Amino acid sequence: MSNPPSEVAELAAAARAVRENAYVPYSHFKVGAALRAPSGAVYVGCNVENVAYPEGTCAEAGAIAAMVAAGETEIVAAYVIADSAHPVPPCGGCRQKLFEFARGDVLVTMATVDGGEETVRVADLLPGAFASTHMDRA
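The shown structure was predicted, so the numbers you read here are calculated from the model rather than taken from an experiment.

Caption draft 1: Local environment of the pairing of strand β5 (residues 117-121). Inspection of the sheet shows strand β4 (residues 102-112) paired to β5 by 5 bridges, in the antiparallel sense. Bridge pairing in β5 places A111 opposite E117. Here β4 folds back onto β5 in antiparallel fashion, the turn holding 4 residues, of which G115 has a positive phi close to 105°.

Caption draft 2: Structural context of the packing of helix α2 (residues 59-69) against helix α3 (residues 92-101). At a minimum axis distance of 9 Å, the contact between α2 and α3 shows a crossing angle of 25°. In terms of their interaxial angle, α2 and α3 are classed as roughly parallel. Remark: the crossing between α2 and α3 carries left-handed chirality. Packed against α2, whose contacting residues are E60, A61, I64, M67 and V68, the element α3 presents C94, K97, L98 and F101 at the interface. Here the residues of the contact of α2 with α3 sort into 7 nonpolar, no polar and 2 charged.

What counts and how
- Residues numbered from 1 in each chain as written.
- Predicted model: local features only at pLDDT ≥ 70, side-chain atom pairs only at ≥ 80, totals over all residues.
- Heavy atoms only, no water.
- Pairing = 2+ DSSP bridges.
- Helix = DSSP H or I, 4+ residues; strand = E, 2+ residues; numbered from the N terminus.
- Axes fitted to C-alpha atoms, helices over the stretch in contact; angles between N-to-C directions.
- Parallel < 35°, antiparallel > 145°, perpendicular 65-115°, else oblique.
- Left-handed = near helix turned anticlockwise from the far one by under 90°.
- Contact = heavy atoms within 4.5 Å.
- Nonpolar A, V, L, I, M, F, W, Y, C, P; charged D, E, K, R; others polar.

What follows is the structure, given as structure tokens:
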């Protein structure tokens, strides 16, 4: 599975733009995320810190919340960008959130503001993910 270059470019531009809105007074580490739903709509999110660090919100989580608030519940492509020497993968919690809304073959592109990119499948981001099938006996 691959995403057409024009669609990746659109997600990259959206993630890069929203990254500038990140609220990061403590870490100064801005992250932007853009997700595409099957409808073609693009949803964005940026990280929002809080002085009580665990209470912040990751960019991926913000984009997922925007998607769900708009009435969509499936991700068909994702793009995450940060100012780092190497593409930054989503944190563990966001990997689980991506797994909740995307099939395993959905591509996640991780990027740097300098143009570095790495693309992986959701299934490769979180091998052995906790799934609803684990709760069949509940």
